[in-house]
Number of protein chains: 2
Amino acid sequence: MYVSTVSSLRLTARFGTALACAAAMAAATAGPVEDANKKLVLDFHQIVLNGGDVEAAPNYVANSYVQHNPKVPDGLAGLQGIVRELRKGAPDAHSVVKHVVAEGDLVVLHSHTQRNAQDRGMAQVDIFRVRGGKIVEHWDVIQPIPETSVNTNTMF
Amino acid sequence: MYVSTVSSLRLTARFGTALACAAAMAAATAGPVEDANKKLVLDFHQIVLNGGDVEAAPNYVANSYVQHNPKVPDGLAGLQGIVRELRKGAPDAHSVVKHVVAEGDLVVLHSHTQRNAQDRGMAQVDIFRVRGGKIVEHWDVIQPIPETSVNTNTMF
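Residues numbered from 1 in each chain as written. Chains lettered and ligands numbered in written order. Predicted model: local features only at pLDDT ≥ 70, side-chain atom pairs only at ≥ 80, totals over all residues. Heavy atoms only, no water.

**Here's the deal with the packing of helix α3 (residues 32–50) of chain A against helix α4 (residues 75–89) of chain A**
Residue and element names in this part refer to chain A.
Here is step 1 of the chain: It is the contact of α3 with α4, at a shortest axis distance of 10 Å, that shows an interaxial angle of 60 degrees. On the basis of their axis angle, the class for α3 and α4 is oblique. Where α3 abuts α4, its residues Phe44, Val48, Leu49 and Asn50 lie against Leu79, Val83 and Arg87.
Here is step 2 of the chain: A per-class count over the contact of α3 with α4 returns five nonpolar, one polar and one charged. (Axes fitted to C-alpha atoms, helices over the stretch in contact; angles between N-to-C directions. Helix = DSSP H or I, 4+ residues; strand = E, 2+ residues; numbered from the N terminus. Parallel < 35°, antiparallel > 145°, perpendicular 65-115°, else oblique. Contact = heavy atoms within 4.5 Å. Nonpolar A, V, L, I, M, F, W, Y, C, P; charged D, E, K, R; others polar.)

**Focus on the sheet that holds strand β3 (residues 106–114) of chain A**
All names here are of chain A.
Here is step 1 of the chain: What the five strands build is an open sheet, ordered β1-β5-β4-β3-β2; its pairing is mixed. Of all the strands in the sheet, the pair left with one neighbour each is β1 (61–67) and β2 (94–103). Neighbour-to-neighbour, the strand axes of the sheet open up by a mean angle of 25 degrees, direction not taken into account.
Here is step 2 of the chain: In the sheet, β1 pairs with strand β5 (residues 134–144) via three bridges, with the strands oriented parallel. Directly across from Gln67, in β5, lies its bridge partner His138. (Pairing = 2+ DSSP bridges.)

**A closer look at the pattern of salt bridges**
Residues and elements named next belong to chain A.
Here is step 1 of the chain: For the coordinates displayed, the defined rule picks out 14 salt bridges over all chains.
Here is step 2 of the chain: Between Arg129 and Asp105 there is a salt bridge whose closest N-O contact spans 3.2 Å. Pair noted here: Arg129 is in strand β4 (residues 122–131) and Asp105 is in the loop between β2 and β3, with a separation of 24 residues, a long-range link. A single burial state applies to Arg129 and to Asp105, both of which are buried.
Here is step 3 of the chain: Put simply, Arg129 and Glu137 hold a salt bridge, and the shortest N to O gap is 3.1 Å. Here the two residues Arg129 and Glu137 agree in accessibility, since each one is buried. (Salt bridge = Lys/Arg side-chain N within 4 Å of Asp/Glu carboxyl O. Buried < 20%, exposed > 50% of the residue type's maximum accessible area, 1.4 Å probe, protein only.)

Set out below in structure tokens:
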């Protein structure tokens, strides 16, 4: 990526902006928008979801938060309520992010969530939409990890 | 990376081009690598998974395919076996992709999968790793859609 970018920049001096920019963009993966969105979502995951700091949630989540998890009401208040409830039921619950994929205003987290250290846990994907520096929409898919597998790769 | 790129731009081209390129890259979302990976994965989804054309699978999937779904054996043959089995058990099964998110060598599909038109179905996320023009690794998380929800947004 770095080499391609530098090469395309050398083109700039000789062949003009359009070609050089096209080559530079061709080498791009995540841009600064995606990087900022990832940081917001990972901070939210660490501080609010793992840390249980529901008072910090407004720093990351819009009041109008659209919720697609069928067990959680819409809005910032709905999110804070479920985090309080989950932390009360499982104070040692913890989620480890295994993959982060971002494009445009969407950030995907693929995670392993456990209620405690003995729990086999759940495989989970959360998709967040970020706009104006806040998370405005959320989808998730959650599956208990089975006891056995026909391959040796784990679910992560 | 972004800082490095901008620095290189400033060092390499000392005129207005650098700023124009930096602005263009800042606006970039998916690049052509991600676009090509998305096309490969969506074609695979449509032709092999929805279409049941297991003979076409080698056009999309590497022999060494690493499988993280705990019910499916590793490799191209493992994939072909499960597609045959699923199509036999539910010949009208169909999956509709709701979101596609790609970054680097990963492509994420968020989908609604139904065994038939009457089935409430499953929410599903598949993550594919693409290398050398083939899918080389796959993870998924699958959840039955519940009958009721506390919000009106659906799981998609």
